Amino acid sequence: MIDARTELYGIIGNPVRHSLSPLIHNTAFKRMGLNALYLAFEVEDLEEAIHGIRALGIRGVSVTIPFKTEVVPFLDEVEEAAGKIKAVNTILNRGGRMIGYNTDWHGAIEALEEKIDLRGKKVLLLGAGGAARAIGFGLRERGSLVIISNRSGDKAHHLAEELGFVSWPWSLRGDLQPEVIINATSIGMYPYDTEGPLPKEVLKEGMTVMDIVYWPLRTKLLREAEEKGCLTINGLEMLTRQGAGQLQIWTGRRPDLGKIKEDLYRALVRTEVSKEGSYDRD
Ligand code: NAP
């Protein structure tokens with residue numbers, strides 16, 4: 001029940017109206033028996049929004065596109081990993097002090113490590129945007145050997161240089177024989193779900209293929225990877241874990257991952273069937 005003691009959380013981004021985060025967090029709060037509510041705030045002025053969060057005592061917020069990097073200077077403290085990634089997707093309001101975290105990297109790495117050992121693995125990381133930055137940081141932490149390929153080659157080059165990896169021309173991305181492929185671009189996301197980031201011929205039995213795009217759940221890349229006998233990991237695995245990481249930071253308690261996944265799966269399948277809604281990027 002919402003009452004005078006209800007604690008408020010939310011997401012700030014733009015656009016944000018179709019985010020899945022309210023679903024993740026409100027259902028988790030309910031299951032955890034917490035008197036808390038999570039809302040979506042479509043923000044125009046980021047600095048004012050941070051003042052508002054502090055002034056109103058909002059307990060925590062998720063941060064999404066386009067503010068993950070932009071928000072850093074407005075915070076009082078940034079946890080070590082988020083500082084290195086230079087992006088924050090979670091803010092904890094600790095008695096008026098705004099503390100920034102990044103749960104994206106851990107969400108992706110946990111999802112991978114549930115299936116494979118990352119140490120020494122040859123990984124092709126497609127993309128050099130915000131999500132690729134976070135995942136690249138995690139792969140470096142785990143000692144993977146990473147090649148980054150991105151449509152805008154200069155971005156791949158800079159990210160690879162920063163993380164101590166190598167970059168590779170986008171036009172030649174099909175020439176490599178990695179053990180793990182991670183799609184961290186938005187290629188394949190609805191309504192462009194007939195596209196994939198790689199020619200099918202690159203996929204070989206025994207490879208691990210992770211797509212962080214979660215709408216549709218079975219992207220073209222994952223469908224083709226399954227056909228070729230690859231081990232596949234869908235975007236829900238990272239999404240669930242980054243959300244669980246946020247809940248843990250805010251409440252000190254680890255929520256039930258399986259239940260969050262079930263809720264998201266149901267919502268995504270419903271949307272895929274109706275094709276009426278659209279989800280933005282968390
Ligand atoms: P971003 O910072 O905007 O980066 C987008 C990336 O996709 C860039 O590397 C961009 O290349 C590439 N790209 C976009 N359209 C392309 C095209 N037509 N051809 C080739 N490359 C293209 O976005 P982001 O935050 O990294 O998110 C990327 C994707 O990951 C989104 O679909 C988002 O929904 C998903 N995501 C999922 C999770 C999860 O938990 N599962 C978490 C975060 C993000 P250029 O640099 O050349 O533009």
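Residues numbered from 1 in each chain as written. Predicted model: local features only at pLDDT ≥ 70, side-chain atom pairs only at ≥ 80, totals over all residues. Heavy atoms only, no water.

(A) The arrangement of the sheet that holds strand E2 (residues 36-42) in detail. With respect to topology, six strands assemble into an open sheet ordered E2-E1-E3-E5-E6-E4, the strand pairing being mixed. Since the sheet does not close on itself, it has two edges, and those belong to E2 and strand E4 (77-78), each with one partner. Taken together, the seven bridges between strand E1 (residues 7-13) and E2 define a ladder with parallel strand orientation. Bridge pairing in E2 links Gly 13 to Glu 42. (Pairing = 2+ DSSP bridges. Helix = DSSP H or I, 4+ residues; strand = E, 2+ residues; numbered from the N terminus.)

(B) Fine view of the packing of aromatic side chains. Taken as a whole and assessed by the stated rule, the structure comprises five aromatic pairs. A ring pair is formed by Trp 105 and Phe 137, whose centres lie 5.2 Å apart and whose planes are at 90°; its orientation type is edge-to-face. Highlighted residues: Trp 105 in helix H4 (residues 104-113) and Phe 137 in helix H5 (residues 130-142), separated in sequence by 32 residues. Exposure class is identical for Trp 105 and Phe 137. Each is buried. On the basis of an interplanar angle of 55° and a centroid distance of 4.4 Å, the ring pair of Tyr 190 and Trp 215 is categorised as tilted. With a gap of 25 residues between them, Tyr 190 in the loop between strand E10 (180-183) and strand E11 (208-211) and Trp 215 in the loop between E11 and helix H7 (220-227) connect regions that are remote in the sequence. The class for Tyr 190 is partly exposed, based on a relative accessible area of 24%. Site record: aromatic cluster; members linked through ring pairs are Tyr 9, Phe 29, Tyr 38 and Trp 250. The ring of Trp 170 is capped by Arg 173, whose NZ or CZ atom sits 4.0 Å from the centre of that ring. (Phe/Tyr/Trp six-rings, centres within 6.5 Å; stacked < 30°, edge-to-face > 60°. Buried < 20%, exposed > 50% of the residue type's maximum accessible area, 1.4 Å probe, protein only. Lys NZ or Arg CZ within 6 Å of the ring centre and 35° of its normal.)

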